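Observations on the model geometry
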Amino acid sequence: MSVHNNFIAGEWISSVEQIANINPSDTNDIVGEYAQADREHVKQAIDAAYTASPAWAQSGIQQRFDCLDAIGTEILARNQELGTLLSREEGKTLAEGIGEAARAGQIFKFFAGETLRNAGELLPSVRPGLGVEISREPVGPIAIITPWNFPIAIPAWKIAPALAFGNTVVFKPAELTPGSAWALTDIIARSGIPEGVFNLVMGPGAEIGAPMLNDRRIRAVSFTGSTNTGRIVAGACSARNARYQLEMGGKNPLVVLNDCDLDNAVNCAVNGAFFSTGQRCTASSRLIVEESIYDAFVAALAEKMEGLVIGDALAQGTDIGPVADQTQLNKNLEYIEIGKQEGAELLTGGEVVEREKPGFYQKPALFIDTDNSMRINAEEIFGPVASVIKVSDIDEAMHSANDTQFGLSAGICTSSLRSAARFKQESQAGMVMVNAPTAGVDYHVPFGGTKGSSFGPREQGGYARDFYTTVKTAYTQA
């Protein structure tokens, strides 16, 4: 089996260490062998990005458009292949994998257009005879660090704007899902991007993370991952006055009022809490239900969950694939025990299940009789585990929804425009869904949260330029 190497300064660079990429649906299946970068590789990648930065910053917008458009075109043409690879290495269903790959292509297409829309301003000065020009310029070399749960979409929505606005990139994907990152890099490498503009270093964060964060030539870091690692990123960047952008955890509420469409509310809960095996920072893991509809909602939800097919991510008819790896499965099981110890009732699911092939399969778990004081409602589990919280009315529901350290996504199911309007206004989350799952967002609008979920400018859409560009003000005497 050939080794997939790192990509530095326009060349594929081998390394001494490699890791096997394991299929969580079938642990006997090796997706591929992937090179592991060391600190010297990181230094070489930063050297390359720093050297290439001035020319790429001054490159024409047509050149950037053509490169990003070519990347998006190839991703979309190969979305079935890329989606299959993604599902094979990460464990989300094939439909979800193909959809994510297509989204990555759409993101590159969108930011190809943004290269042509990076507008500035011309203003008169308060001093006669002077003109004022406000323009946006690239930040410089950027480190991009991404998680395993969206191994092509999240890299795309960071890499595409970075390149579109004239920055160079050093990209470190998650160790667990190097395949999608390597495939994306292979496409980028053949797009016409000059050598050194884009670099891939695969490896453990403990080994190669620090040199990326602490090198003064890296002028910005965009990170998506755990809250604890986010704090490390923030500390390192603050110490040297580099900008940083953090997308971290979520403990997202879905409020269900008694005037909702019950079938839709159940579908929103199942989709938001359990699809992608619950491994989404936007997953609705807290289901806050008005007491007059509580019993009916719980019964309908439990029945819906019993009909879900848990199996091989690539198999037709699978609703929920495996958990990503043994470590995440152990974490899920630990939290299920914590929930029981805290007094919550495990109504259904939570157990490990066996399938024809060895994998990390778990039935979605539903706790009832819970409250926000419990750890299962306060801490992000990142698995197919949801809790139901009973409330008396919308006032209590709003309090419960906002009673969290996180603030990424929040949803409500109701037929009342008044209740929907109030929820949109009072919700302490960066994204609000009405009668729709909390997970699932468009690529052309801003993504991000409040409180402990996010820090820095929004990702995606036109708002991405706030992180990937810096503003310059120029005065000219006429």
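Scroll up to find the structure.
In this text the structure is predicted, and so the values were computed from the model without any measurement. (Residues numbered from 1 in each chain as written. Predicted model: local features only at pLDDT ≥ 70, side-chain atom pairs only at ≥ 80, totals over all residues. Heavy atoms only, no water.)

This part takes up the layout of surface pockets. Taken as a whole, the largest pocket encloses approximately 950 Å³ of empty space. Elements supplying a minimum of two residues to the lining of the largest pocket: α7 (205-214), β11 (220-224), α8 (227-239) and α11 (326-341). With 6 residues, the single largest contributor to the lining of the largest pocket is α8. Grouping the amino acids of the lining of the largest pocket by side-chain chemistry returns 17 nonpolar, 13 polar and 7 charged. Each pocket or cavity is described by its volume, and for the second largest pocket that value is around 330 Å³. By residue number, the principal contributor to the lining of the second largest pocket is helix α4 (residues 94-114), which donates 5 residues. (1 Å grid on protein atoms, 1.4 Å probe; cavity = no way out; pocket = protein on both sides within 12 Å on 5 of 7 lines; lining within 4 Å. Points joined across faces, edges and corners; volume = space filled by probe spheres on them. Helix = DSSP H or I, 4+ residues; strand = E, 2+ residues; numbered from the N terminus. Nonpolar A, V, L, I, M, F, W, Y, C, P; charged D, E, K, R; others polar.)

Once that is clear, we can look at helix α9 (residues 262-274). In this model α9 runs 18 Å from its N-terminal to its C-terminal C-alpha over 13 residues, within 8% of the 18 Å that 1.5 Å per residue would give. Those residues of α9 that are buried lie in contact with β13 (253-256), β14 (286-290), α10 (291-306), β16 (365-370), β17 (385-391) and β18 (409-413). (Expected span 1.5 Å × (residues − 1). Contact = heavy atoms within 4.5 Å.)

The next point concerns the packing of aromatic side chains. What the rule picks out here adds up to 9 aromatic pairs. Look at tryptophan 157 and phenylalanine 447: their rings are 5.1 Å apart centre to centre, the planes differ by 45°, and that puts the pair in the tilted class. Here the residue tryptophan 157 occupies a position in helix α5 (residues 153-164), and phenylalanine 447 occupies one in the loop between β19 (431-434) and β20 (454-455), the gap between them amounting to 290 residues. Judged by its relative accessible area of 5%, phenylalanine 447 falls in the buried class. Here phenylalanine 171 and phenylalanine 198 contribute two aromatic rings whose centre-to-centre distance is 6.1 Å and whose plane-to-plane angle is 40°, an arrangement assigned as tilted. With phenylalanine 171 in strand β9 (residues 169-172) and phenylalanine 198 in strand β10 (residues 198-200), this residue pair connects regions lying 27 residues apart in the sequence. For phenylalanine 198, a relative accessible area of 2% puts it in the buried group. Ring pairing ties together the aromatic residues Phe7, Trp12 and Trp182, which thus form one cluster. If you follow lysine 92 out to its NZ or CZ, it ends over the ring of phenylalanine 150, 3.6 Å from the centre. Sitting above the plane of the tyrosine 50 ring, arginine 217 keeps its charged end 5.8 Å from the centroid. (Phe/Tyr/Trp six-rings, centres within 6.5 Å; stacked < 30°, edge-to-face > 60°. Buried < 20%, exposed > 50% of the residue type's maximum accessible area, 1.4 Å probe, protein only. Lys NZ or Arg CZ within 6 Å of the ring centre and 35° of its normal.)

This model, assessed by the stated rule, comprises 22 salt bridges. The partner of arginine 217 in a salt bridge is aspartate 47, with the nearest N and O atoms 2.4 Å apart. With arginine 217 in the loop between α7 and β11 and aspartate 47 in helix α1 (residues 39-57), this residue pair connects regions lying 170 residues apart in the sequence. On the basis of relative accessibility, which here comes to 23%, the residue arginine 217 falls in the partly exposed class. Among the residues examined, aspartate 47 registers a relative accessible area of 24% and is labelled partly exposed. A salt bridge links glutamate 306 to lysine 363, with the nearest nitrogen and oxygen atoms 3.7 Å apart. Linking glutamate 306 in helix α10 with lysine 363 in the loop between β15 (345-348) and β16, this pair joins segments that are 57 residues apart in sequence. For glutamate 306, a relative accessible area of 48% gives the class partly exposed. One salt-bridge network, held together by shared partners, links Glu74, Arg78, Glu81, Asp186 and Arg190. (Salt bridge = Lys/Arg side-chain N within 4 Å of Asp/Glu carboxyl O.)

Attention shifts here to the packing of α9 against α10. Contact pair α9 / α10: the axes reach a minimum separation of 10 Å and the direction vectors enclose 55°. Here α10 runs oblique to α9, going by the angle between their axes. The element α9 and its partner α10 pack so that their crossing is right-handed. Residues Leu262, Ala265, Val266, Asn267, Ala269, Val270 and Phe274 of α9 pack against Ile293, Ala296, Phe297, Ala300, Leu301, Lys304 and Met305 of α10. (Axes fitted to C-alpha atoms, helices over the stretch in contact; angles between N-to-C directions. Parallel < 35°, antiparallel > 145°, perpendicular 65-115°, else oblique. Left-handed = near helix turned anticlockwise from the far one by under 90°.)

Moving on, we get to the nonpolar core. With 61 residues, the main nonpolar core has Leu68, Phe108 and Ile159 as its most contacted residues. Here this core takes 9 residues from α5, the largest share from any one element. Non-local contacts of isoleucine 159, meaning those with residues more than four positions away in its chain, are made with Phe108, Ile144, Phe171, Leu184, Ile188 and Phe198. (Core = buried A, V, L, I, M, F, W, Y, C linked by side-chain atoms within 4.5 Å.)

What the 3 strands build is an open sheet, ordered β1-β5-β4; its pairing is mixed. Both outer strands of the open sheet, β1 (3-4) and β4 (17-23), are each paired with one neighbouring strand and no more. Sheet analysis places β1 next to strand β5 (residues 26-36), joined by 2 bridges and oriented parallel. Residue pairing for β5: histidine 4 is matched across the bridge by tyrosine 34. (Pairing = 2+ DSSP bridges.)

Side chains Ile142 and Ile144 of strand β8 (residues 142-145) all project onto a buried face; the interleaved residues Ala143 and Ile145 project onto the opposite face, where all are buried too. Handedness of the β8-α5-β9 crossover: right-handed. (Right-handed = clockwise from strand over helix to strand, strands pointing away.)

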